[in-house]
Amino acid sequence: QVQLVESGGGLVQPGGSLNLSCTTSGFTFSIYAMRWYRQAPGKERELVATIPSAGGSAMYADAVKGRFTISRDNAKNTSYLQMNSLKPEDTAVYLCNTGPLQLVTGTLAYWGQGTQVSVRS
């Protein structure tokens, strides 16, 4: 069955770095774009970064541009989100999202369970 498992979250001080991973199985990872979202308490889910199926040109939310880097290794069925210069406002649950586009929601079909990122002194 389809599985997406995020890892790499944790508690970090402002200015620190984390590298999130999303390891997938049960489908053909290489044919779908990959997105990373985040959701903070009391806030709407936010699209953070997206990368096409073959890699290459990525797109980022303005809030993370220049600090976060999305990548993927299709041989390992895994995507990464390198987060540098972290700020307290980056605190959220981070979720990976891939698969066929769902026209009703505008999201992709498959979701991970999320990993918590907390940034504080």
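See above for the structure.
Basis of the calculations
- Residues numbered from 1 in each chain as written.
- Predicted model: local features only at pLDDT ≥ 70, side-chain atom pairs only at ≥ 80, totals over all residues.
- Heavy atoms only, no water.
- Helix = DSSP H or I, 4+ residues; strand = E, 2+ residues; numbered from the N terminus.
- Rg over C-alpha atoms; globule rule 2.2 N^0.38 Å.
- Areas by Shrake-Rupley, 256 points an atom, 1.4 Å probe, with all protein chains shown as cover.
- Salt bridge = Lys/Arg side-chain N within 4 Å of Asp/Glu carboxyl O.
- Buried < 20%, exposed > 50% of the residue type's maximum accessible area, 1.4 Å probe, protein only.
- Core = buried A, V, L, I, M, F, W, Y, C linked by side-chain atoms within 4.5 Å.
- Contact = heavy atoms within 4.5 Å.
- Pairing = 2+ DSSP bridges.

## Side note on the overall build of the protein
Scanning the protein from terminus to terminus reveals zero helices and eleven strands. Along the protein, helices (α) and strands (β) appear in the sequence β-β-β-β-β-β-β-β-β-β-β when read from the amino end. Rg of the C-alpha trace for the protein: 14 Å, near the compact-globule value of 14 Å for 121 residues, within the 12% margin. Projecting the C-alpha coordinates of the protein onto the three principal axes gives extents of approximately 40 × 30 × 25 Å. Total accessible area on the protein is roughly 6200 Å²; 51% of this is exposed by carbon and sulfur atoms.

## Points about the pattern of salt bridges
Scanning all chains against the criterion turns up four salt bridges. Here Asp 90 and Arg 67 are joined by a salt bridge, their closest N and O atoms 2.7 Å apart. Of this pair, Asp 90 sits in the loop between β8 (78-83) and β9 (92-101) while Arg 67 sits in the loop between β6 (59-60) and β7 (68-73), and the two are 23 residues apart along the sequence. Taking the relative accessible area as the measure of exposure, Arg 67 reaches 11% and is therefore buried. Salt bridges here are not isolated pairs; linked through shared partners, they connect Arg 38, Glu 46, Arg 67 and Asp 90.

## Quick look at unusual backbone geometry
With a phi angle near 55°, Asn 77 is a residue other than glycine that sits in the positive phi range. Tracing the backbone shows Asn 77 in the loop between β7 and β8. Even without glycine at this site, Ser 85 takes up a positive phi of about 50°.

## Some words on the nonpolar core
Grouped together as the largest cluster of nonpolar side chains are 26 residues, with contacts concentrated most on Met 34, Trp 36, Phe 68, Leu 81, Met 83 and Tyr 94. For this core, the secondary-structure elements that each account for two or more residues are β3 (18-25), β4 (34-39), β5 (46-51), β7, β8, β9 and β11 (115-119). Aside from chain neighbours lying at most four places away, what touches Phe 68 is Arg 38, Val 48, Tyr 60, Leu 81, Gln 82, Met 83, Asn 84, Leu 86, Asp 90 and Tyr 94.

## Quick look at the pairing of β5
Both faces of the sheet carry side chains from a regular strand, because those side chains alternate between them. Sheet topology places β4 next to β5; five bridges connect them, and they run antiparallel. Among the inter-strand pairings, Trp 36 is bridged to a residue of β5, identified as Ala 49. Connecting the antiparallel pair β4 and β5 is a turn made up of six residues, with Gly 42 showing a positive phi of about 75°. Here β5 runs beside β6; their pairing, made up of two bridges, is antiparallel. Across the sheet, Thr 50 pairs through a bridge with Met 59, a residue of β6.

Spatial relationships are all this shows, so hold off on functional conclusions.
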